[in-house]
2 protein chains.
Amino acid sequence: MIDGLRAIVGYDYVLGGANSRFASDASRLRARGERARAVVCPGSPAEVASVVSWCYAHDIPMTPRGGGTGLAGGAVAVNGEVVVSMDRLNQVRSFDPLLWRIHVDAGLSTRTLRRVARENGLVFPPDPGAADQSQIGGNIATNAGGPHAFKYGSTGSWVTGLEVVLPPGDLVNLGGPNRKDVASYDLKKLVIGSEGTLGIVTGAWLRLIPAPESSAVVLAFYPSVETGLHAVHRVLGTGEPVAALEYLDEPTLRITKGSFPGPMPDSPGFLVAAELDGSSAEVARMVPEVRQALDEEGASHVTTLQAQSGISALWRWRDGVSGTVSAHHNGKVSADICVPLDMLAAAINQVSEISARHHLAACTWGHAGDGNIHANFLVDLDDTSMVARSELALADLFAVTRGLGGSITGEHGIGWLKRKYLVSHLEPAVYAAHLAIKYAFDPKNLMNPGKKV
Amino acid sequence: MIDGLRAIVGYDYVLGGANSRFASDASRLRARGERARAVVCPGSPAEVASVVSWCYAHDIPMTPRGGGTGLAGGAVAVNGEVVVSMDRLNQVRSFDPLLWRIHVDAGLSTRTLRRVARENGLVFPPDPGAADQSQIGGNIATNAGGPHAFKYGSTGSWVTGLEVVLPPGDLVNLGGPNRKDVASYDLKKLVIGSEGTLGIVTGAWLRLIPAPESSAVVLAFYPSVETGLHAVHRVLGTGEPVAALEYLDEPTLRITKGSFPGPMPDSPGFLVAAELDGSSAEVARMVPEVRQALDEEGASHVTTLQAQSGISALWRWRDGVSGTVSAHHNGKVSADICVPLDMLAAAINQVSEISARHHLAACTWGHAGDGNIHANFLVDLDDTSMVARSELALADLFAVTRGLGGSITGEHGIGWLKRKYLVSHLEPAVYAAHLAIKYAFDPKNLMNPGKKV
């Protein structure tokens, strides 16, 4: 097998399956048992197609892999798959700043994409975490979100075209630089978020928009979940086009307080942060509106950040929250449920109740404006009883989420870790359609088998 | 058959197939031969499901129908289908202005939806033509666009959930009020734009945003296509978030000049209109920027419209352009191709060349910012030679569009009228995937057969 793959991509670009760099993702899920069968690093889309073609003909399962920053095990070879890495497809293919568009390889890092756009006065708005390491192809495969999805939508909203290798090895284009296209079914949108189970994204045409001239963050602390969420609703009620609307709860603030870049109350109950962007004049106009909306009902330490350094420091702290919380015990079991906005308070309170019932500590934070909650049960990974209780808590949380009309994942995807929950999450006829699509694209079930379906 | 359907929806709600109200669409395509087998008007989503179930069991093909304003024949029963009308499903199910969302029946008119949102300080941004008559379900089935799609995207960008009847008669929910959901494949996006060939949309959860406080239009005339498109590119170069960026060419302006609500040069070559929206202060800031970008290189009659009455008058005139052009001979054969922005000049010039080659007059106008061109060959429908030449011209145009990397339809869909062009528009493996999806959803090919596929 190794020889067959080396004949396609060259001797140096087929690595042993034990290579630790490709063995796990940000969920710390590791390849099990025989691990990956091999890691292959194609140097062109045509080579990706040849690899898929060869594997498909030889009944060898594949796991496509971007930056490996996923949180659901979607890019981990758990059943002896060949890992197909996009690391070598990392170029900007073409960039037309005056046409607000860019054509990139799937392996380009999110950070580089955003930097290239910024240097030309444009912005690629989606901002999932781990931008240094994550790749645009992985963001597309998971339809990655982020705080600014509230105003700008998730990754898929910015994709006008995909280059994809579909089984049994066809390199095709779904869309392209065209900004509108209603000729065929929207196969591009079907591949977006499909987590490598329908094909492998090798390139993408992306829309960009002019970078806002300025931004500001207004934040405030509240004594409780309820008063904090009232503030969220008041911000929505201003009718201002808020770019991001985030929250963190009391247990999260207690753990991450040490690194918070500013003053925090002694007993912080709930933090709400609203980011505004636009022209300098527009941001200046909106700030007092939003500040007034936040500064009610027990609000304290109301702060406006207008210097880029302050805003960046806040977001750096926010990016580090997950890691700090994780380190508090020595791990966490987490979910990123999404509920209708009017169910947000109920969902946050249910996380507390569920954690108490299972004798666990829990933290939640998330994208309040989108109803998207990162719910985390803190565990000592060496304590098997605790880990078992956290799994029960997670199952309870997903059941509650269904009851609230929510989704079991708003950003991270199903991957491997949540695979057993999808069937009960979807109505039977929808699950049947889901399976029928998987079968139509991948009749041999060789594309990231066991993930998502 | 009539009795079977009457048993489901009631005696009064099964009409004869000859009912003229359901026999054609805005393309003037009429049901042929035996016409529709019947028109059934279900009164609830459950009744739609029962109708689909009954028809599927009895091998009776169906054509779902919204407002009948389509331009591709997608909602016309051309092969003796039962027309399934959404006219009676015309209610707002729930509206949460403070949560920026609304839940509606598929048969709600676009105009009513926009009015209800506006009365509460919100806006549903998609603005396809014929808003009085078109229905949100039809807009979803075609992923309808419009001028403001440049900033806000087409209809599909605003749908978070669909209620759909899938063959053989399952009433299911794809998404809901959740703003983010990456659990399953994005089946919702697959149904959006599928033109009734995968199922029937009966309801939708839509996102809304706060209505911009103000808007303004800056327009200018240019001596040629080239100078006009230079102006379009200068507007993009301002980096302002323009809401709509429209153009009309010389033949269109000549025909529609009489009803233009303002001064026009004696020999208008090309019109560019840019709409700006936002807070009053922001619009006031942007207007001079955009005006300066437009007022170069032979620009004349540069005009800024800031009063709502003036802006509405301009858009009313723009909405009437298609009808005025159509009436100039006594018909037109048209396409709504979409090309990459850098191919816009080539595409517009090709329409002229193709029309000259076939001894036809042609008009084009469209959504310049999106590269979306309404290309119209003017015909006397009683002149069979002329009609035949226009069909050849259309085929030439689609071939040229492919050569430019464009799509054969950016807004109107494939429907019945463009069905023969889809297979050559898509790469073979993509067309195969398209067919596989149709088969997976509708193995008996009873959902709007002959359309789109």
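Structure: above.
Basis of the calculations
- Residues numbered from 1 in each chain as written.
- Chains lettered and ligands numbered in written order.
- Predicted model: local features only at pLDDT ≥ 70, side-chain atom pairs only at ≥ 80, totals over all residues.
- Heavy atoms only, no water.
- Salt bridge = Lys/Arg side-chain N within 4 Å of Asp/Glu carboxyl O.
- Helix = DSSP H or I, 4+ residues; strand = E, 2+ residues; numbered from the N terminus.
- Buried < 20%, exposed > 50% of the residue type's maximum accessible area, 1.4 Å probe, protein only.
- Pairing = 2+ DSSP bridges.
- Axes fitted to C-alpha atoms, helices over the stretch in contact; angles between N-to-C directions.
- Contact = heavy atoms within 4.5 Å.
- Buried area = accessible area lost by both parts, 1.4 Å probe.
- Polar contact = N/O pair within 3.5 Å; in protein donor to acceptor, adjacent residues only side chain to side chain.
- Phe/Tyr/Trp six-rings, centres within 6.5 Å; stacked < 30°, edge-to-face > 60°.

Bringing the pattern of salt bridges into the picture now. Oppositely charged side chains are able to pair whenever their charged atoms sit close together. Going through the model one piece at a time under the given rule, you end up with 46 salt bridges over all chains. Of the charged contacts, one joins Glu282 of chain A and Arg285 of chain A as a salt bridge, the two residues approaching to 2.8 Å between their closest N and O atoms. Placement of the pair is Glu282 of chain A and Arg285 of chain A together in helix α9 (residues 280–294), with a separation of three residues, close to one helical turn. Assessed through its relative accessible area of 27%, Arg285 of chain A is described here as partly exposed. Between Lys188 of chain B and Asp186 of chain B there is a salt bridge; the shortest N-O distance is 3.3 Å. Owing to a relative accessible area of 17%, Asp186 of chain B belongs among the buried residues under this scheme.

Quick look at the sheet that holds strand β15 (residues 300–305) of chain B now. All names here are of chain B. If you walk across this open sheet you meet the seven strands as β15-β12-β14-β13-β17-β18-β16, and the pairing is antiparallel. Strands with a single pairing partner mark the edges of an open sheet, and in this sheet they are β15 and β16 (331–338). Each adjacent strand pair in this sheet contributes to an overall mean axis angle of 15 degrees, direction not counted. Relative to strand β17 (residues 361–367), strand β13 (residues 244–249) is paired through two bridges, and the arrangement is antiparallel. Each bridged residue has a counterpart across the sheet, and for Leu248 the counterpart in β17 is Trp365. Seen against the sheet, helix α11 (residues 344–357) touches β13, β14 (270–278), β16, β17 and β18 (372–379) and runs at an angle of roughly 10 degrees to β18.

What follows concerns the interface of chain B and chain A. Contact residues are listed per partner, giving 76 residues for chain B and 76 residues for chain A. Surface buried jointly by chain B and chain A totals about 5,800 Å² across both partners, of which 62% is contributed by carbon and sulfur atoms. Per-residue buried area on chain B facing chain A is highest for Lys180, Val182 and Tyr185 of chain B; these three make up 17% of the total on that side. A salt bridge links Asp370 of chain B to Arg179 of chain A, with the nearest nitrogen and oxygen atoms 2.7 Å apart. The tally of links from chain B across to chain A stands at 34 residue pairs in polar contact (both at pLDDT 80 or more). Of all the secondary-structure elements, those providing two or more residues to the side of chain B that touches chain A are α5 (149–152), β9 (170–175), α6 (187–191), α7 (225–237), α9 (280–294), α13 (419–425) and α14 (428–441) of chain B. In terms of residue count, the dominant contributor to the side of chain B that touches chain A is α14 of chain B (nine residues).

So, about the packing of aromatic side chains. The geometry of an aromatic ring pair comes down to the distance between the two centres and the angle between the two planes. Residues and elements named next belong to chain B. If you walk through the whole model with that rule in mind, you get twelve aromatic pairs over all chains. Taken together, a centroid distance of 4.6 Å and an interplanar angle of 65 degrees make the contact between Phe398 and Tyr421 edge-to-face. Within this pair, whereas Phe398 is found in helix α12 (residues 384–403), its partner Tyr421 is found in helix α13, the two being separated by 23 residues in sequence. Grouping residues by exposure puts Phe398 and Tyr421 together as buried.

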